[in-house]
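Spelled out from the first residue to the last, the chains are:
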Amino acid sequence: MNTPVAVMDLGTNTFHLLIAGGTGTDYHEIVHEQQAVKLGEGGINKGFIQPAAFERGIACMKRYRQLVDDNNVQQVRAIATSALRNASNGQEFIEQVKNKTDIAIEIIDGNAEAGYIYQGVQAGGGLSGKNTVIVDIGGGSVEFIICNNEEIKWKQSFEIGAARLMDSFHRNDPIPPESITALNFYLQDALADFFSAAAKFEINNIIGSSGVFESYAAIIETGKGHSFDLKKTRYYTIDKTTLLSVIEGIVLSNHQQRLTNSNIIPVRVDMIVTASILARFIIEKLGVDEIAMSANSLKEGVLAEMMG
């Protein structure tokens, strides 16, 4: 039995902890926790972690340290992405975490982030010999990977995550039609590099990596009267027409309606609106009919690398 390893994915909204044993392709989860730290709250587009968010982050890291110790983990990797990458006090956060928990946080750039997301989705199955676009909509950044099961053909990270878009475009609730129009114009411009890259390939399908796509899968399945367990559903094929109808419902909904929907986790209740406008924009622009959700993302990619 291999000694368990731990991966922490310190995102803009959520800090994840995965402690697992086994091998990269055949591992079993010992601990899988996520905490809505909301590191970007109130400061995501100002490039500064607000004091309350800073403290939530430190408290979460202390708790994760305890779980790591309780499970006798020797090898820990803590990966930080968009919020810490761009915060003027990000380095101070990293130093405090090191002092208080002895966990050394690694800040990775968007390129490395996209690479780990690819490894995570690849390890989860679902890629084939045909070209896929993997999209990972985070709070701070969005990664696009054009790939097949053999290789990455193109990848890029864009600092237009759902929390940033919400801060700029979703100021009234429900989001007004003119804000949706403004956001679509913005995306057309912001994602020009991605669409010109995608035009060079025959794209067969889109795989949404974790995040908001997990909410879509849960909404669709429970809508059919089925139960939905992410732990048991690592890969899920989504009907495009059904998905676009779910997205339309989310975009038109108000805060209270989303709050009472048990398929939308609390940290995602407001951010799911701009994330959904972004998801719809990509689906419609690419004109691809095959869409799926992979529950695997960055942390599973890091895990696969650690377990070799």
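Here, the structure is the one placed above.
This is a predicted model, so every value here is computed, not measured. (Residues numbered from 1 in each chain as written. Predicted model: local features only at pLDDT ≥ 70, side-chain atom pairs only at ≥ 80, totals over all residues. Heavy atoms only, no water.)

A look at the packing of helix H6 (residues 177-190) against helix H11 (residues 271-286)
To keep it simple, the criterion reads: Lines fitted to the C-alpha atoms define the axes, with helices restricted to the stretch that makes contact. Angles between their N-to-C directions range from 0 to 180 degrees. Secondary structure counts use DSSP, requiring at least four H or I residues in a row for a helix and at least two E residues in a row for a strand, with both numbered from the N terminus. Note that the term roughly parallel is reserved for angles under 35 degrees, roughly antiparallel for angles over 145, roughly perpendicular for angles of 65 to 115, and oblique for everything else. Handedness of a helix crossing follows the sense of rotation of the near helix relative to the far helix, less than a right angle counterclockwise being left-handed and clockwise being right-handed. Note on contacts: a residue pair is in contact if any heavy atoms of the two residues lie within 4.5 Å. The residue classification treats Ala, Val, Leu, Ile, Met, Phe, Trp, Tyr, Cys and Pro as nonpolar and Asp, Glu, Lys and Arg as charged. All others, Gly included, are polar.
Remark: H6 packs on H11, axes separated minimally by 10 Å, with the N-to-C direction vectors making an angle of 55 degrees. The angle between H6 and H11 falls in the class oblique. As H6 runs across H11, the sense of the crossing is right-handed. Counting all contacts with H6, which are made through Ile180, Leu183, Asn184, Leu187 and Gln188, the residues of H11 involved are Thr274, Ile277, Leu278, Arg280, Phe281 and Lys285. Partitioned by chemical class, the residues of the contact of H6 with H11 number 6 nonpolar, 3 polar and 2 charged.

Considering the pairing of strand S10 (residues 235-238)
The two faces of the sheet receive side chains in turn, since in a regular strand these alternate between them. Here is the rule: Throughout, exposure labels follow a simple rule: accessible area from a 1.4 Å probe, protein chains only, divided by the maximum for the residue type, with under 20% read as buried, over 50% as exposed, and the rest as partly exposed. One requirement defines pairing of two strands: DSSP has to find at least two bridges between them.
The two faces of S10 differ: Tyr236 and Ile238 on one face are buried, but Tyr235 and Thr237 on the other face are not. Pairing analysis gives 4 bridges linking S10 to strand S11 (residues 290-294), with the strands arranged antiparallel. Note on S11: the bridge partner recorded for tyrosine 235 is serine 294.

Looking at the sheet that holds strand S9 (residues 203-209)
On the basis of which strands lie adjacent, the open sheet formed by 6 strands has the order S8-S7-S6-S9-S11-S10 and mixed pairing. Looking at which strands have only one partner, the edges of the open sheet turn out to be strand S8 (152-158) and S10. For this sheet the average axis-to-axis angle between neighbouring strands, irrespective of direction, equals 20 degrees. Bridge count for strand S6 (residues 131-137) against strand S7 (residues 142-147) is 6 bridges, and the pairing is antiparallel. Paired with threonine 132 across the two strands is cysteine 147, which belongs to S7.

Topic: the layout of surface pockets
Stated formally: Throughout, the protein atoms alone are placed on a 1 Å grid, and a set of points is a cavity if a 1.4 Å probe fits but cannot get out or a pocket if it is open with protein on both sides within 12 Å along at least five of seven lines; lining residues have an atom within 4 Å of a point. Grid points are joined across faces, edges and corners, and a volume is the space filled by probe spheres set on the points.
Roughly 890 Å³ of volume is contained in the largest pocket. Every residue lining the largest pocket is counted, 44 residues in all, and those nearest its centre are His16, Gln34, Gly211, Glu214 and Arg268. Of all elements in the fold, only strand S2 (14-22), strand S3 (27-36), helix H4 (110-123), S6, helix H8 (212-223), H11 and helix H12 (298-307) reach the threshold of two or more residues within the lining of the largest pocket. A breakdown of the residues in the lining of the largest pocket according to their chemical character gives 13 nonpolar, 20 polar and 11 charged. Along the wall of the second largest pocket there are 18 residues; nearest its centre are Asn13, Lys38, Glu41, Met166 and Met271.

Things to note about the environment of valine 97
Tracing the backbone shows valine 97 in helix H3 (residues 90-101). Taking the C-alpha atoms as reference points, valine 97 and isoleucine 58, separated by 39 residues in sequence, lie 6.3 Å from one another. Beyond its immediate chain neighbours, meaning those up to four positions away, valine 97 contacts Ile58, Met61, Asp102, Ile103 and Ile105.

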